[in-house]
Number of protein chains: 2
Amino acid sequence: MKSPEKISEAVVRRLPIYLRYLLQLQSREIHTVSSQDLGTRLNLNPAQIRKDLAYFGDFGRKGIGYEVDYLIDKIRQILKLDRTVNVALIGAGNLGRALCNYTAYQSDRMKIVAVFDASPAKTGETISTLIVQPMEELSTTIGLKEVRIGIIAVPSAEAQQVADQFVAAGVEAILNFAPIILKVPETVRVHYADFTTELLSLAYYLE
Amino acid sequence: MKSPEKISEAVVRRLPIYLRYLLQLQSREIHTVSSQDLGTRLNLNPAQIRKDLAYFGDFGRKGIGYEVDYLIDKIRQILKLDRTVNVALIGAGNLGRALCNYTAYQSDRMKIVAVFDASPAKTGETISTLIVQPMEELSTTIGLKEVRIGIIAVPSAEAQQVADQFVAAGVEAILNFAPIILKVPETVRVHYADFTTELLSLAYYLE
């Protein structure tokens, strides 16, 4: 297995896609899968899949394929999802609610453990099993609940300020839904969940 | 200007990011911008930006930079956003509501003109200025309102069926929020707005 810094971003982004499908197979009690099956189902090149997975050691067996359970464990290890990672969310609007209720990733050991909103009208409300907290409690709660990832689901105008608060509270990584580029220290990794980019770029491909 | 099929996906995905920032500059009545400014603000390499923009013709002027208004028009033309593109949404849950209320892309000529939901409890509700319609009206409405792009914001288990209905109704492109890979004809382009992949891959970068 190569050292973590050698794994390309493209591979790291494909691993959750493999994982999700493998979990589907596991729930249907399917125990082995070939790179061909994975490729057809995920619209990826089977050779690419074999290369990605070989990167982390040789798991496939000729004529049998990959053992689903083993591969799930291995990908979780690689993604460091063999531990629980606590997540906090700022912004209890429709998007925030959708994210809290979205349970797909909770089975992958990612858990939203706290929700914050700047609006007094929102604090005290219940979303899923969580009570929306005021921003004043952010720092303490993030420390107490050992939150490592922050999700920003506030309007663009507030996103940078909210990111600063996450960083000050010790969050190590941010998923940003606001359509602006955030300024954060180099030690904090930011991923952008920017659906407007995906949507606008679709227009290009229309006739 | 090169022919459209020569523009790489990576470039097409960066153009909406440029456009959004240029629109911010325009609203602040800033008339010119350098590739350095763009690079700093968008966390992109200025040389990359110059290369991207030169792709479509030589707009920048040395020592002055790019004219904001002109660049906006040009990028809109390239992305084919100099016309209005009508969009329909299936799924009137929290995510669907968030998308309808999310006005950022409406200024870019993308407009959600219809919302559908399979649940009778949802139909008839108002979201933003739209009334949630039953699925039975999908085909007719898409024809009448000249919808070209469909957004899927339903649970995974229903996403493929909903995609089939969009395709049958004549939609040319799909933005899919459900965390599954869709099977569609080759003529229909699908983009994935898959925040769980972004979120899960963040775990890898934690210490």
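Relevant structure appears above.
In short, a report on the structure. (Residues numbered from 1 in each chain as written. Chains lettered and ligands numbered in written order. Predicted model: local features only at pLDDT ≥ 70, side-chain atom pairs only at ≥ 80, totals over all residues. Heavy atoms only, no water.)

1. Digging into the pairing of strand β3 (residues 85-90) of chain A
Residues and elements named next belong to chain A. Here is the rule we go by: Note on exposure labels: buried denotes an accessible area under 20% of the residue type's maximum, exposed denotes more than 50%, and partly exposed covers the range between, all computed with a 1.4 Å probe on protein chains only. The secondary structure listing takes helices from DSSP runs of H or I that are at least 4 residues long and strands from runs of E that are at least 2 residues long, numbered from the N terminus. Only strands joined by at least two bridges in the DSSP assignment are considered to pair.
Of all 6 residues in β3, 6 are buried, a share of seventy percent or more. Alternating residues of β3 divide into Val85, Val87 and Leu89 and Asn86, Ala88 and Ile90, and every residue in both groups is buried. Note that β3 and strand β8 (residues 147-152) share 5 bridges and pair parallel. The partner of Asn86 across the bridge, within β8, is Val147.

2. Some words on the interface of chain B and chain A
Filter applied, for reference: The contact criterion used is simple: two residues touch if any of their non-hydrogen atoms lie within 4.5 Å. A 1.4 Å probe defines the accessible area here, and the buried area is the portion of it lost by two parts on being joined, summed over both. Salt bridges, as used here, are contacts in which a Lys or Arg side-chain nitrogen is within 4 Å of a carboxyl oxygen on Asp or Glu. Residues adjacent in sequence count toward polar contacts only when both atoms are side-chain atoms; beyond that, a polar contact is any pair of N or O atoms within 3.5 Å, and within protein one must be able to donate a hydrogen and the other to accept it. Following the grouping adopted for this structure description, the nonpolar residues are Ala, Val, Leu, Ile, Met, Phe, Trp, Tyr, Cys and Pro, the charged ones are Asp, Glu, Lys and Arg, and the polar ones are all others, Gly among them.
Contacts between the two partners involve 63 residues from chain B and, on the opposite side, 63 residues from chain A. In this assembly, chain B packs against chain A so that about 6,000 Å² is buried in total across both faces, 65% of it on carbon and sulfur atoms. Together, Leu200, Tyr204 and Leu206 of chain B form the three largest contributors to the area buried by chain B at its contact with chain A, with a combined 14%. Applying the counting criterion to the chain B and chain A interface returns 2 salt bridges. As a salt-bridge pair, Glu198 of chain B and Arg13 of chain A come within 2.6 Å of each other at their nearest N and O atoms. Applying the counting criterion to the chain B and chain A interface returns 16 residue pairs in polar contact (both at pLDDT 80 or more). Every element with two or more residues in the side of chain B that touches chain A is listed here: α1 (9-27), α2 (35-42), α5 (94-101), β8 (147-152), β9 (173-176), β10 (189-192) and α8 (195-204) of chain B. Top element by residues in the side of chain B that touches chain A is α8 of chain B. It accounts for 10 residues. Of the residues belonging to the side of chain B that touches chain A, the class tally is 38 nonpolar, 9 polar and 16 charged.

3. Comments concerning the sheet that holds strand β9 (residues 173-176) of chain A
Whether parallel or antiparallel, the strands of a sheet pair through hydrogen bonds between backbone atoms. All names here are of chain A. Spatially, the 6 strands line up as an open sheet ordered β7-β4-β3-β8-β9-β10, and their pairing is parallel. Across the chains shown, the open sheet's two edge strands, defined by having one partner strand only, are β7 (133-134) and β10 (189-192). Bridging between strand β4 (residues 110-117) and β7 involves 2 bridges; their strand directions are parallel. Paired with Asp117 across the strands is Pro134, a residue of β7.

4. A word on the packing of aromatic side chains
Put simply, the test is: The rule is short: rings of Phe, Tyr and Trp, with Trp giving its six-membered ring, pair when the centres are within 6.5 Å, and they are stacked under 30 degrees, edge-to-face over 60, tilted in between. Cation placement over rings: the criterion is NZ of Lys or CZ of Arg within 6 Å of the ring centroid and within 35° of the ring normal.
Enumeration over the complete set of coordinates arrives at 2 aromatic pairs over all chains. Their ring planes at 85 degrees and their centres at 5.0 Å tell us that Tyr204 of chain A and Tyr205 of chain A sit as a pair that is edge-to-face. The buried category is assigned to Tyr204 of chain A, whose relative accessible area is 5%. Judged by its relative accessible area of 25%, Tyr205 of chain A is partly exposed. Positioned above the aromatic ring of Tyr205 of chain B, the side-chain terminus of Arg189 of chain A is 3.4 Å from the ring centre.

5. A look at the pattern of salt bridges
Residues and elements named next belong to chain B. Per the counting criterion, the structure on display carries 8 salt bridges over all chains. Among the ionic pairs, Asp52 bridges to Arg14, the shortest N-O distance being 2.6 Å. Of this pair, Asp52 sits in helix α3 (residues 46-54) while Arg14 sits in helix α1, and the two are 38 residues apart along the sequence. In this structure, Asp52 and Arg14 share a single accessibility class: buried. We note a salt bridge from Glu172 to Arg148, for which the minimum N-O separation is 2.8 Å. Here the residue Glu172 occupies a position in the loop between α7 (156-169) and β9, and Arg148 occupies one in strand β8, the gap between them amounting to 24 residues. Since its relative accessible area comes to 19%, Arg148 is described here as buried.

6. Points about the packing of helix α1 (residues 9-27) of chain A against helix α3 (residues 46-54) of chain A
All names here are of chain A. For clarity, the cut-off: In this description, a line fitted to the C-alpha atoms serves as the axis of each element, helices being fitted only across the stretch in contact, and the angle between N-to-C directions of two axes falls anywhere from 0 to 180 degrees. In this scheme, roughly parallel covers angles under 35 degrees and roughly antiparallel covers those over 145, while 65 to 115 is roughly perpendicular and the rest are oblique.
Between α1 and α3, whose axes approach to 11 Å, the crossing angle comes to 105 degrees. It follows from the interaxial angle that α1 and α3 lie roughly perpendicular. Contact residues: Val11, Arg14 and Tyr18 in α1; Gln48, Ile49, Asp52 and Leu53 in α3. Taken together, the residues of the contact of α1 with α3 break down into 4 nonpolar, 1 polar and 2 charged.

7. Describing the relation of the copies chain B and chain A
Put simply, the rule reads: A residue counts toward the fit only if its pLDDT is at least 70 in both copies, and the copies are then superposed by least squares on the C-alpha atoms of those residues.
With an axial shift of 0.0 Å and an RMSD of 0.0 Å, the rotation relating chain B to chain A amounts to 180 degrees. As the rotation angle and translation indicate, the two copies are arranged about a two-fold axis.

8. Points about helix α4 (residues 68-78) of chain B
Turning to α4 of chain B, its buried residues are Val68, Leu71, Ile72, Lys74, Ile75, Arg76 and Ile78 of chain B. Note on α4 of chain B: the residue one or two positions beyond its end, Lys80 of chain B, has a positive phi of about 60 degrees.

9. Here we look at the nonpolar core
Generally speaking, soluble globular proteins have nonpolar side chains that are buried together. Just so we agree on the cut-off: The criterion is simple. A nonpolar core is a set of buried Ala, Val, Leu, Ile, Met, Phe, Trp, Tyr and Cys residues joined through side-chain atoms within 4.5 Å.
Of all hydrophobic cores here, the largest spans 108 residues; its most connected members are Leu22 of chain A together with Leu22 of chain B. Dropping the residues within four chain positions of it, Leu22 of chain B is found in contact with Val33, Leu38, Val68, Leu71, Ile72 and Ile75 of chain B.

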